[in-house]
Amino acid sequence: MSTTLLLARHGQTVWHAENRYAGVSDVALTDTGRAQAEALGRWAAAHPVDAVWTSTVSRAIATAEPACRALGLTPHREQALRECDFGVVEGRTLAEFAQGDPDAAAAFRADPVAHPFPGAEDPKAAAERGAAALRRIAAAHDGGRVLVVAHNTLLRLVLCRLLSIPLADYRRVLPRLRNAAVTELRVEAGSVGLISLNVPCEQEPAQVS
């Protein structure tokens, strides 16, 4: 049987506007982030989900709460779904880091896996722990539909690992995952297929020229 994994990044945080690396820091959702979480909850209610899993970081837990409330489900929390630790760049922007260490920033931009930030988690290890967690979740809910709320960099690394995309290309191939948007994977007999990527839960407002 195939299992459907519905991957969602948490809602907007107070560091989002300045594009600061949150990583393992406990950063709260903004009002916009809470509204995004409610939209994800409405989406989950309209697209039946059998289980909800989140990382153990509060912004992911808060994002999943409306979906759990709408579905009457208790979330499962998984430490392996936490965001990557970004070392010395936690709480800073890439531009701020580049001002102090331009060579290290340039190396990161060229290959973020071979040259992670000083003190950061090895991206290859993060990809492996996240991919292993998703495989465990899929096996635990064989044939079901599972909402998984986690984090931008971790999910991009995991998608590359599961879809056989070189990890070094994760920032180029997957520039960002929208807050509370849904990426659908089909897991069957050990293989993983991408059904949809980065789909907003609600129609975004049309741009007026």
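Whatever comes next refers back to the structure up there.
Calculation notes
- Starting afresh in each chain, residues are numbered from 1 along the sequence in its written order.
- Totals for whole chains, interfaces and linings use every residue, but because this is a predicted model, local features are given only for residues with pLDDT of at least 70 and side-chain atom pairs only at 80 or more, for both listing and counting.
- By convention in this description, side-chain values take in all heavy atoms of the structure and omit both hydrogens and water.
- Secondary structure elements follow DSSP: runs of H or I of four or more residues count as helices, runs of E of two or more count as strands, with numbering from the N terminus.
- Each residue's exposure class comes from its accessible area (1.4 Å probe, protein chains only) as a fraction of the maximum for that residue type: buried when under 20%, exposed when over 50%, partly exposed otherwise.
- Residues are treated as being in contact if the distance between any of their heavy atoms lies within 4.5 Å.
- The protein chains shown are the only cover counted for residues, whose accessible areas, like all others here, come from Shrake-Rupley with a 1.4 Å probe.
- Charged residues are defined narrowly, with Lys and Arg counted positive, Asp and Glu counted negative, and His plus the chain ends left uncounted.
- For charged residues, the charge sits on one atom: NZ in Lys, CZ in Arg, CG in Asp, CD in Glu.
- To estimate the expected span of a helix, subtract one from its residue number and multiply by 1.5 Å.
- Working definition for bend: take the seven residues up to and ending at a residue and the seven starting at it, fit an axis to each, and measure the angle between the axes.

I'm lost on the overall build of the chain in this one. Help?
Along the backbone of the chain there are seven helices and six strands. In the chain, the succession of helices and strands from N to C terminus is β-α-β-α-β-α-α-α-β-α-α-β-β. The principal-axis extents of the C-alpha atoms in the chain amount to approximately 50 × 40 × 35 Å. Split into buried and exposed, the 209 residues of the chain put 48% on the buried side. Contacts spanning at least 24 positions in sequence make up 70% of the contacts within the chain whose residues lie at least 6 apart. Element-wise, carbon and sulfur atoms account for 51% of the exposed surface of the chain, whose accessible area totals about 9,800 Å². One finds the centroid of the 22 positive side-chain charges in the chain at a distance of 2 Å from the centroid of its 23 negative side-chain charges.

Can you help me understand the environment of Ala-67 in this one?
For Ala-67, the location among the structural elements is in helix α2 (residues 58-71). The exposure class of Ala-67 is buried, given its relative accessible area of 0%. Separated by 23 residues in the primary sequence, Ala-67 and Ala-44 have C-alpha atoms spaced 5.8 Å apart.

Which parts of the structure should I look at to understand helix α6 (residues 152-162)?
Each turn of an α-helix holds 3.6 residues, which means side chains three or four residues apart point in the same direction. By the criterion of burial, α6 is predominantly enclosed, with 10 of the 11 residues buried. Considered for burial, the residues of α6 that qualify are Asn-152, Thr-153, Leu-154, Leu-155, Arg-156, Leu-157, Val-158, Leu-159, Cys-160 and Leu-162. On its buried face, α6 is in contact with β1 (3-9), α5 (123-140), β4 (145-150), α7 (170-173), β5 (182-188) and β6 (191-199). Within two residues after α6, Ser-164 carries a phi angle of roughly 60 degrees, on the positive side.

I'm lost on α2 in this one. Help?
A rise of 1.5 Å per residue sets the reference length of α2, with its 14 residues, at 20 Å; its end C-alpha atoms lie 20 Å apart and thus fit the reference within 8%. Of all the bends in α2, the greatest, near 35 degrees, is centred on Glu-65, and the proline Pro-66 appears no more than four residues after it. Within α2 the residues assigned to the buried category are Arg-59, Ala-60, Thr-63, Ala-64, Pro-66, Ala-67 and Cys-68. Tucked inside the fold, the buried residues of α2 contact β1, α1 (31-46), β2 (51-54) and β4. A positive backbone phi angle near 70 degrees is found at Gly-72, which sits one or two residues after α2.

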